[in-house]
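# Structural description and commentary
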Amino acid sequence: MKSKITNIIKEQNKKGRIALIPFITAGYPSVEGFINVVKGLVDGGSDVIEIGMPFSDPIAEGPTIQKSSHIAIENGVNIKKSLDLVQKIRSSGINIPIVMMGYINPILSIGVSNFAKLATNVGVNGLIIADIPNEELKQIQISSEKNSLDTIPLISLNSSKKRIELGCKYAQGFIYCISILGVTGSRSSVSLDVKEKVKMVKNFTNIPVGVGFGVSKPSHVKNIKEYADAVIVGSALIDEIAKTKNQPGNTAKKFISNLYKETFK
Amino acid sequence: MNIDSPKNKDNQFTERFGDYGGRYVPETLIPALEELEKAYLISQNDPEFNSELNDLLNNYVGRPTPMFYARNLTKKIGTAQIFLKREDLAHTGAHKINNALGQALLLKKIGKNRVIAETGAGQHGVATATACAMLDMECAIYMGEEDIKRQAPNVYRMKLLGAEVIPVTTGSKTLKDAINEALRDWVTNVETTHYIIGSAVGPHPYPSIVKGFQKIIGIESRNQILSLTNTLPDYVVACVGGGSNAIGMFSAFLNDDVKLIGVEAAGEGTMTPQHAATISKGRPGILHGAFSYLLQDKDGQVQEAHSISAGLDYPGVGPEHSYLNDTGRVRYVSATDEEALLGFDLLTKTEGIIPALEPSHAMGYLSKFLKKSDKKTKIILLISGRGDKDLDTVATYRGISLKDKL
Ligand SMILES: Cc1ncc(COP(=O)(O)O)c(C=O)c1O
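Here's a quick rundown of the structure. All of these numbers come straight from a predicted model, not from anything done at the bench.

So, about the site of the ligand. Residues and elements named next belong to chain B. The environment of the ligand is made up of 19 residues, and the closest members are Ser 199, Gly 243, Ser 244, Asn 245 and Ser 384. The side chain of Lys 96 places a nitrogen or oxygen atom 3.1 Å from an oxygen atom of the ligand. Burial of the ligand by the surrounding chains reaches 97%, relative to a free accessible area of 390 Å². Within the shell around the ligand, the residues separate by chemical class into six nonpolar, eleven polar and two charged.

This paragraph deals with the pairing of strand S1 (residues 19–25) of chain A. Residues and elements named next belong to chain A. Across the seven residues that make up S1, a large majority, seven, are buried. Judged by which residues are buried, S1 turns out to be covered on both faces: Ala 19, Ile 21, Phe 23 and Thr 25 on one side and Leu 20, Pro 22 and Ile 24 on the other are all buried. Pairing analysis gives four bridges linking S1 to strand S9 (residues 230–233), with the strands arranged parallel. Residue pairing for S9: Pro 22 is matched across the bridge by Val 233. Sheet topology places S1 next to strand S2 (residues 49–52); three bridges connect them, and they run parallel. Within S2, the residue paired with Thr 25 across the bridge is Gly 52. For the segment spanning S1, helix H2 (residues 31–44) and S2, crossover handedness is right-handed.

Across all of its chains, the model carries 31 salt bridges over all chains by this definition. Note that Glu135(A) and Arg163(A) form a salt bridge whose closest N and O atoms lie 2.4 Å from each other. Here Glu135(A) is found in the loop between strand S4 (126–129) and helix H7 (137–143), whereas its partner Arg163(A) is found in helix H8 (residues 161–170), with 28 residues between them in sequence. On the basis of relative accessible area, Glu135(A) is assigned to the partly exposed category, the value being 37%. When its relative accessible area of 6% is taken as the criterion, Arg163(A) is described as buried. The partner of Glu27(B) in a salt bridge is Arg163(A), with the nearest N and O atoms 2.5 Å apart. Separated into two different chains, Glu27(B) in the loop between strand S2 (20–21) and helix H1 (30–44) and Arg163(A) in helix H8 make up a pair that spans both.

Glancing now at the packing of aromatic side chains. This model, assessed by the stated rule, comprises 14 aromatic pairs over all chains. When the centroid spacing of 5.5 Å and the interplanar angle of 25 degrees are considered together, the rings of Phe55(A) and Tyr103(A) count as stacked. Residue Phe55(A) is found in the loop between S2 and helix H3 (63–74), and its partner Tyr103(A) is found in the loop between strand S3 (98–102) and helix H5 (104–110); the two are separated by 48 residues along the sequence. For the pair Tyr365(B) and Phe369(B), a centre-to-centre distance of 5.6 Å together with 20 degrees between the ring planes defines the contact as stacked. Residue Tyr365(B) and its partner Phe369(B) are both found in helix H14 (residues 357–369); the two are separated by four residues, about one turn of the helix. What links up through ring pairs into an aromatic cluster is the set Phe174(A), Tyr176(A) and Phe213(A).

All names here are of chain B. The mixed open sheet is built from six strands, whose spatial order is S3-S4-S14-S9-S10-S13. The sheet is open, and its two edges are formed by strand S3 (67–69) and strand S13 (330–336), each paired on a single side. Strand-to-strand, the axes of this sheet are offset by a mean angle of 25 degrees, without reference to chain direction. The pairing of strand S10 (residues 259–267) with S13 spans seven bridges and is classified as parallel. Bridge pairing links Gly 267 to Thr 336 in S13. Where helix H13 (residues 337–351) meets the sheet, it contacts S3, strand S4 (81–86), S10, S13 and strand S14 (378–383), and its direction lies at approximately 90 degrees from that of S13. On the sheet, H14 packs against strand S9 (235–239), S10, S13 and S14 and is oriented at approximately 100 degrees with respect to S13.

Residue and element names in this part refer to chain B. Counted at 1.5 Å a residue, the expected span for helix H4 (residues 96–110) with its 15 residues is 21 Å, and the 21 Å between its end C-alpha atoms agrees. Along H4, 13 of the 15 residues are buried, which leaves the element largely enclosed by surrounding structure. Positive backbone phi, approximately 90 degrees, marks Gly 111, located one or two places after H4.

The subject of this paragraph is a nonpolar patch on the surface. A cluster of nonpolar side chains, contributed by Ile354(B), Leu391(B), Ile400(B) and Leu402(B), occupies part of the molecular surface with about 310 Å² of accessible area. Here Ile354(B) lies in the loop between H13 and H14.

Turning our eyes to something else, we now look at the nonpolar core. Counting 190 residues, the largest nonpolar core has Phe115(A), Phe174(A) and Trp186(B) as its most contacted members. No other element matches H4(B), which puts eight residues into this core. Ignoring any residue separated from it by four or fewer positions in sequence, one finds Phe115(A) in contact with Met53(A), Ile79(A), Leu83(A), Ile107(A), Ile110(A), Leu127(A) and Leu149(A). With 29 residues, the next largest nonpolar core counts Leu73(B), Ile261(B), Ala276(B) and Leu370(B) among its residues.

Bringing the state of the cysteines into the picture now. Residues and elements named next belong to chain B. Scanning the entire structure with this criterion turns up zero disulfides over all chains. In this structure Cys 132 is not part of a disulfide, and its nearest cysteine sulfur, from Cys 139, lies 3.9 Å away. A relative accessible area of 2% places Cys 132 in the buried class.

The next point concerns the environment of His204(B). Residues and elements named next belong to chain B. Along the chain, His 204 turns up in the loop between strand S8 (193–195) and helix H9 (206–229). Distance from His 204 to Leu 33, taken between C-alpha atoms, is 7.4 Å for residues 171 residues apart in sequence. Among all residues touching His 204, those that are not within four sequence positions of it are Phe 13, Thr 14, Glu 15, Gly 22, Arg 23, Leu 33 and Glu 37. A polar atom in the side chain of His 204 sits 3.3 Å from the backbone oxygen of Thr 14. Side-chain polar atoms of His 204 contact the side chain of Glu 37, separated by 3.3 Å.

With that settled, consider the packing of H8(A) against helix H9 (residues 193–202) of chain A. All names here are of chain A. Where H8 meets H9, the closest approach of the two axes is 10 Å, and the angle between their N-to-C directions is 60 degrees. Considering the angle they form, H8 stands oblique to H9. Handedness of the crossing formed by H8 with H9: right-handed. Seen from H8, the contacting residues are Lys 161, Ile 164 and Cys 168; seen from H9, they are Lys 197, Met 200 and Val 201. Taken together, the residues of the contact of H8 with H9 break down into four nonpolar, no polar and two charged.

Conventions adopted
Residues numbered from 1 in each chain as written. Chains lettered and ligands numbered in written order. Predicted model: local features only at pLDDT ≥ 70, side-chain atom pairs only at ≥ 80, totals over all residues. Heavy atoms only, no water. Near = heavy atom within 4 Å. Polar contact = N/O pair within 3.5 Å; in protein donor to acceptor, adjacent residues only side chain to side chain. Areas by Shrake-Rupley, 256 points an atom, 1.4 Å probe, with all protein chains shown as cover. Nonpolar A, V, L, I, M, F, W, Y, C, P; charged D, E, K, R; others polar. Buried < 20%, exposed > 50% of the residue type's maximum accessible area, 1.4 Å probe, protein only. Helix = DSSP H or I, 4+ residues; strand = E, 2+ residues; numbered from the N terminus. Pairing = 2+ DSSP bridges. Right-handed = clockwise from strand over helix to strand, strands pointing away. Salt bridge = Lys/Arg side-chain N within 4 Å of Asp/Glu carboxyl O. Phe/Tyr/Trp six-rings, centres within 6.5 Å; stacked < 30°, edge-to-face > 60°. Axes fitted to C-alpha atoms, helices over the stretch in contact; angles between N-to-C directions. Contact = heavy atoms within 4.5 Å. Expected span 1.5 Å × (residues − 1). Patch = residues over 30% accessible without salt bridge, like charges linked within 9 Å, V, L, I, M, F, W, Y side chains within 5 Å. Core = buried A, V, L, I, M, F, W, Y, C linked by side-chain atoms within 4.5 Å. Disulfide = S-S within 2.5 Å. Parallel < 35°, antiparallel > 145°, perpendicular 65-115°, else oblique. Left-handed = near helix turned anticlockwise from the far one by under 90°.

Dropping the structure here:
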């Protein structure tokens, strides 16, 4: 069975487009606001949505996502509540692919196979874990075998050929290429080295390759479109939502539709 | 000496201690961890590295540190014979220098010139800043804002030594958050920077490397007690924060018929939420790259630890300690803030040794426990550091301001 995530990305690529994957923290800016943000992101033209499950010690995040994570925890959102929110999104008729991003400890805390089952039941399509290296994906896959949850590996700018091969071996859905050495957060430019990395990854797999971390502007997306299949935008979106305070759904919609228009005009 | 013999499974350079340990970090850090592991393993058989390290340990740090028969304490308590292993006499005032210097020398081999470290009590920060001053390396130390307040003298020492001290304002603003920030810096600057972690925690190979540089404490102690008394001790007692002083000491005695006791910080009591008794009260989880006991809530969010001692104020613990707890080889207990202060006073008044608040926990526990032991019992108590850094904390706790007339 082919992955729903892979299918959607490839469909976009066939139309000459790069798939847009916004990232938002579950329960940010508020529990209600988050649902509206997701609706706005869908209306704005997103192809897949990545949802962060808040963790107390998010070592791969820069200040923006750290803060959103902290606020979400204060709003009472934990791993189970994050999945409840996905269920709410699904029952409102949204069927866009959803990828959950999280840290290993909360997942371990409810049990990896239990998490996989709960996530699949509410309609999650994929999982990214920020603080495990790719050899650990094998264990995650074994634990979630009965479920159709894609495990999405991360490849870094400094990953060796051997490690890229390892990531590709366990990859499902898409492969997440980190565009910088560093934590999440908007950057003014995207390193040229990413292009080389994506090329290397494509030697090992036909699964789509997405680029994320630091991507903040339409010009970045335009550039990445030339060599990658999907692009992930997180901090820039959250910064925008933080700035406007009211009507986060509208802000999210405008952000994505603007990115879409600018990229494909 | 039987440590590190092949048959001693429990004492080898290893990624896993039972199920504990491992390497749970972002993919970006894997190349640096692999590079570090390789460099360390090569250094172990490199005569030049070892003679340079030994020279520094002997002539710069002042090793071997003495083992002192605490006759007054023994007399006062009137039960067991107590021997103090004096890491407080090491250069910079704590055992932390053994690891900081070892790792800094290793860096020279790797060829990186920028060092980052985290610090709680400031002892590891001072030790790292010292090693960097001496070996001419750039140094940045992450320290929680809360700890900057309570360990002011050490902050100034680091600055005098040429290190940049970066305040951490996230989370509980203590050691855990300082490690988070150091890891974020490392992910960003991994190609030019080495992270000298300060305890036997973190992803593989750190727990094994830190133990490797701290096991000198145990090796010396074992030789010293044998030459002082002709026998092995009955008990060895050490405090446990992340667990570097304790694992350095315990590693030499794991195969002996010696009872090992690790003392965690119980803060305001393990029945309150205000403690740092990770092994006694936590459950296994993953923080800072390793699977080990962890103070966490039911959702797997990490809880804030509490202790009067900044060096023990950490919700995690080194993975080998989790293993040694589960196998029953080491018994982990805890001492409250109050008990630590009793220990602090006891050692100060009876022996004229002002200990750091961290080993004061071990002393505090011991003074309770000793009532049940007898005269022939021999105990090594590890004094991991001296108390100068803590004078302000102790005074404040007692409602005294050091700026006023005493
Ligand atoms: C004197 C002293 N002892 C003990 C500790 C606790 O660390 P560990 O458990 O790694 O020895 C510290 C930490 O700062 C310290 O300064």
